[in-house]
Amino acid sequence: MAPPLLQLDDIRLTFGGTPLLQGAALAASAGDRIALVGRNGAGKSTLLKIAAGLVEAQDGVIFRQPSATVRYLPQMPDMEGFANVRDYVSAGLGPSDDPYRATYLLEHLGLSGDEAPGSLSGGEARRAALARVMAPQPDILLLDEPTNHLDLATIEWLEEELMRSRSAMIVI
């Protein structure tokens, strides 16, 4: 068994006196495909944000392989401050990432890259956000409801693209 790239143990988080997460655990190794399923408000998105390092747990153990790259797809991407979609997607690339991968994804997702972020529909914003997190081919992809606002053809393309990916994936 491969060592974990990401491991969360006994995670606890309380908002306003009400426990959201108590004793939550999650582990992902290279190539894993994990689905988080639960009712609205159960803490799925918050657990992904903790895994991504965007929210701090009040208690528990969090381990991320130091060399592992992690990308998180939020439900509502923040594109403020970017002149166009290409700039937004390129900002997700690391120094050693292939910029042509971003162009490939934008083209296959039906975007030119010249679109102004403020003018995007919900589906276009979701496609831009997917290009941003997928372009660097991270070790771990954390996807919060990735098919929201997508049409069937784009969902089918996304499924095929994710099947080819070597990233560990945790999907809500």
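Residues numbered from 1 in each chain as written. Predicted model: local features only at pLDDT ≥ 70, side-chain atom pairs only at ≥ 80, totals over all residues. Heavy atoms only, no water.

A. Spatial organisation of the side chain of R126. Topologically, R126 is positioned in helix α4 (residues 122-134). No salt bridge forms around the buried R126; measuring N to O, its nearest opposite-charge neighbour E145 is 6.0 Å away. Within the structure, R126 has its side chain in polar contact with the backbone oxygen of D144 (distance 3.5 Å). Apart from residues no more than four positions distant in its own chain, R126 is found in contact with L73, P74, Q75, D144, E145, P146, N148 and L150. (Helix = DSSP H or I, 4+ residues; strand = E, 2+ residues; numbered from the N terminus. Buried < 20%, exposed > 50% of the residue type's maximum accessible area, 1.4 Å probe, protein only. Lys, Arg positive; Asp, Glu negative; His and termini not counted. Salt bridge = Lys/Arg side-chain N within 4 Å of Asp/Glu carboxyl O. Polar contact = N/O pair within 3.5 Å; in protein donor to acceptor, adjacent residues only side chain to side chain. Contact = heavy atoms within 4.5 Å.)

B. Expanded view of the pattern of salt bridges. In the structure shown here, the tally under the stated rule is five salt bridges. When the shortest N-O distance is used, the salt bridge between D59 and R12 registers 4.0 Å. Of the two residues, D59 sits in strand β4 (residues 59-64) while R12 sits in strand β1 (residues 4-15), which places them 47 residues apart along the sequence. The partly exposed category is assigned to D59, whose relative accessible area is 44%. The class of R12 is partly exposed, set by a relative accessible area of 33%. Across the pair E161 and R164 runs a salt bridge, and its minimum N-O distance is 2.6 Å. In this pair, E161 and R164 both sit in helix α5 (residues 152-164), three residues apart, roughly one turn of the helix.

C. View of the sheet that holds β1. The strand order across the open sheet formed by three strands is β2-β1-β4, and the pairing between neighbours is antiparallel. Every other strand in the sheet has two partners, leaving β2 (18-29) and β4 as the edge strands with one partner each. Strand after strand, the sheet turns through a mean of 15° between neighbouring axes, direction not considered. In terms of strand pairing, β1 meets β4 through five bridges, oriented antiparallel. Of the residues in β4, the one forming a bridge with R12 is D59. Across the face of the sheet, helix α1 (residues 44-52) comes into contact with β1, β2 and β4 while running at roughly 125° to β1. (Pairing = 2+ DSSP bridges. Axes fitted to C-alpha atoms, helices over the stretch in contact; angles between N-to-C directions.)

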